[in-house]
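# Overview (structure and organization)
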Amino acid sequence: STLTEGRCHEGSKEGSCGWKLQSTTSVMNTCLENRLIRTVESSHKGCFDECGPRNTTSACWIGCFFDAVLGEQARNSTVVTGLPLEALIETF
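Summary of the structure given here.

Cut-offs applied
- Residues numbered from 1 in each chain as written.
- Predicted model: local features only at pLDDT ≥ 70, side-chain atom pairs only at ≥ 80, totals over all residues.
- Heavy atoms only, no water.
- Phe/Tyr/Trp six-rings, centres within 6.5 Å; stacked < 30°, edge-to-face > 60°.
- Helix = DSSP H or I, 4+ residues; strand = E, 2+ residues; numbered from the N terminus.
- Buried < 20%, exposed > 50% of the residue type's maximum accessible area, 1.4 Å probe, protein only.
- Salt bridge = Lys/Arg side-chain N within 4 Å of Asp/Glu carboxyl O.
- Expected span 1.5 Å × (residues − 1).
- Arc of directions from axis to C-beta.
- Contact = heavy atoms within 4.5 Å.

## Section: the packing of aromatic side chains
Where two aromatic rings form a pair, the distance of their centres and the angle of their planes describe that pair. As enumerated under the stated definition, the model contains three aromatic pairs in all. Seen from their ring centres, Phe48 and Trp61 are 5.5 Å apart, and the 55° between their planes marks the pair as tilted. Remark: Trp61 occurs in helix α3 (residues 59-70) and Phe48 occurs in helix α2 (residues 45-51); sequence separation between them is 13 residues. Owing to a relative accessible area of 6%, Phe48 belongs among the buried residues under this scheme. Look at Phe65 and Phe66: their rings are 5.5 Å apart centre to centre, the planes differ by 80°, and that puts the pair in the edge-to-face class. Residue Phe65 is classed as buried on the basis of its relative accessible area, which comes to 15%.

## Describing the pattern of salt bridges
This structure, assessed with the given rule, holds three salt bridges. The partner of Asp49 in a salt bridge is Lys45, and the shortest N-O contact between them spans 3.3 Å. Taken as a pair, Asp49 and Lys45 lie in helix α2 at a separation of four residues, close to a single helical turn. When its relative accessible area of 48% is taken as the criterion, Asp49 is described as partly exposed.

## A closer look at helix α1 (residues 29-43)
Relative to the 21 Å expected for 15 residues at 1.5 Å per residue, α1 spans 21 Å between its end C-alpha atoms, a close match to the ideal helical length. Listed as buried for α1 are Ile37, Val40 and Glu41. Taken around the axis of α1, the buried residues stretch over an arc of 95°, which confines them to a single face. Here the buried face of α1 lies against α2, α3 and α4 (85-90).

Take a look at the structure:
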């Protein structure tokens with residue numbers, strides 16, 4: 001996550017911070033989590049099917065999740081070829 005130390009506040013000197021909060025929205029975690037999981041699982045169904053019933057703490061499930069989101073190449077490189085950002089944003 002983004003470090004608090006880099007947050008810009010009203011009156012921060014230019015160049016003294018790296019990010020600024022623009023807005024916030026509250027969403028029930030379970031609702032968001034389930035929508036995000038369904039989106040990711042449906043995009044990489046074969047991999048998740050091999051893991052058996054959903055177990056979000058299993059190494060198999062976690063591997064499939066990150067392969068779907070970032071792309072399998074991201075395991076060994078900085079190449080990100082997974083789900084388009086727009087598809088993930090739509091879940092929110």
